[in-house]
Amino acid sequence: MRIPDPDDPGRARYGTRCSTVLVRHADGRVLTLEASISQAVTNGQIVLTAILRDVTERREAEQTLRLHSRIVENSEEAILVTDARERIVSVNPAFCRIVERSQADVERQPLWACYSGSDVDLTRRRHGDCVREERFEAQFESEIQLWNGRKIWLEVSSSRLDFPGREPLFLS
């Protein structure tokens, strides 16, 4: 195998720059374009390639996701998402404050990691009902005993979230 000589004028040299630009369409809409511009020098000739891709919808979706994330993170309402196997998928800071556990302590743990005593069985039974039902929504008030023995009253609204090609999640 021959190692190319970096000073060889016939050797190809490449460079690519990417950036995002805002442009106004003829109909007045503002589009977000991702521009990738590549330069290659081969045998002394400069070859430029430009690829423009409309990323307007992706950027708008990213902004919406950031907004929803901020809403969940800053909500005073506790939010808990579990899977069909009774594992905690996600919680927000309000949930952590209520159950007096950190996000790292509860995420990916069994749902009952936050509860103790007979409330473990009740929580598992209610979650099981949600898993079995095609469309499940529930609202109830309940006094529960936390993992540390403290008792609190909760008002809970639960619903099943179905996604095409994915197992359902459960929002409480």
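Residues numbered from 1 in each chain as written. Predicted model: local features only at pLDDT ≥ 70, side-chain atom pairs only at ≥ 80, totals over all residues. Heavy atoms only, no water.

A. Fine view of the pattern of salt bridges. Within the structure shown, the criterion is met by 10 salt bridges. Among the salt bridges present, the one from Arg 29 reaches Asp 27, with a minimum N-O distance of 2.8 Å. Residue classification places Arg 29 among the partly exposed positions, given a relative accessible area of 45%. One network of salt bridges, with partners in common, ties together Glu 34, Arg 53, Arg 58, Arg 59 and Glu 62. (Salt bridge = Lys/Arg side-chain N within 4 Å of Asp/Glu carboxyl O. Buried < 20%, exposed > 50% of the residue type's maximum accessible area, 1.4 Å probe, protein only.)

B. Fine view of the pairing of strand E5 (residues 88–91). The pairing of strand E4 (residues 80–83) with E5 spans three bridges and is classified as antiparallel. Within E5, the position partnered with Val 81 by the bridge is Ser 90. What sits between the antiparallel neighbours E4 and E5 is a turn of four residues, in which Glu 86 has the positive phi angle 65°. (Pairing = 2+ DSSP bridges. Helix = DSSP H or I, 4+ residues; strand = E, 2+ residues; numbered from the N terminus.)

C. The arrangement of a nonpolar patch on the surface in detail. A surface patch of nonpolar side chains, about 320 Å² in accessible area, is lined by Ile 37, Ile 46 and Leu 48. Here Leu 48 shows up in strand E3 (residues 45–54). Here Leu 48 falls in the exposed class, since its relative accessible area comes to 60%. (Patch = residues over 30% accessible without salt bridge, like charges linked within 9 Å, V, L, I, M, F, W, Y side chains within 5 Å. Areas by Shrake-Rupley, 256 points an atom, 1.4 Å probe, with all protein chains shown as cover.)

D. Seen up close, the packing of aromatic side chains. On inspection of all chains with the given rule, the structure shows zero aromatic pairs. Lying across the ring of Trp 147, Arg 101 places its NZ or CZ 4.6 Å from the centre. A cation sits over an aromatic face here: Arg 166 above Phe 163, 5.4 Å from the ring centre. (Phe/Tyr/Trp six-rings, centres within 6.5 Å; stacked < 30°, edge-to-face > 60°. Lys NZ or Arg CZ within 6 Å of the ring centre and 35° of its normal.)

E. Quick look at the layout of surface pockets. Considered as a void within the structure, the largest pocket measures approximately 620 Å³ in volume. Taken together, 28 residues make up the lining of the largest pocket; nearest its centre are Phe 140, Val 156, Ser 157, Ser 158 and Ser 172. Elements with a minimum of two residues in the lining of the largest pocket: E4, helix H2 (93–99), helix H4 (119–132), strand E6 (137–145) and strand E7 (151–163). Here the second largest pocket defines a volume of roughly 260 Å³. In terms of lining residues, the second largest pocket is bounded by Leu 65, His 68, Ser 69, Val 72, Glu 73, Ile 79, Val 81, Ser 90, Val 91, Asn 92 and Gln 103. For the lining of the second largest pocket, the secondary structure elements donating two or more residues are helix H1 (56–74) and E5. The element that contributes the greatest number of residues to the lining of the second largest pocket is H1, accounting for five residues. (1 Å grid on protein atoms, 1.4 Å probe; cavity = no way out; pocket = protein on both sides within 12 Å on 5 of 7 lines; lining within 4 Å. Points joined across faces, edges and corners; volume = space filled by probe spheres on them.)

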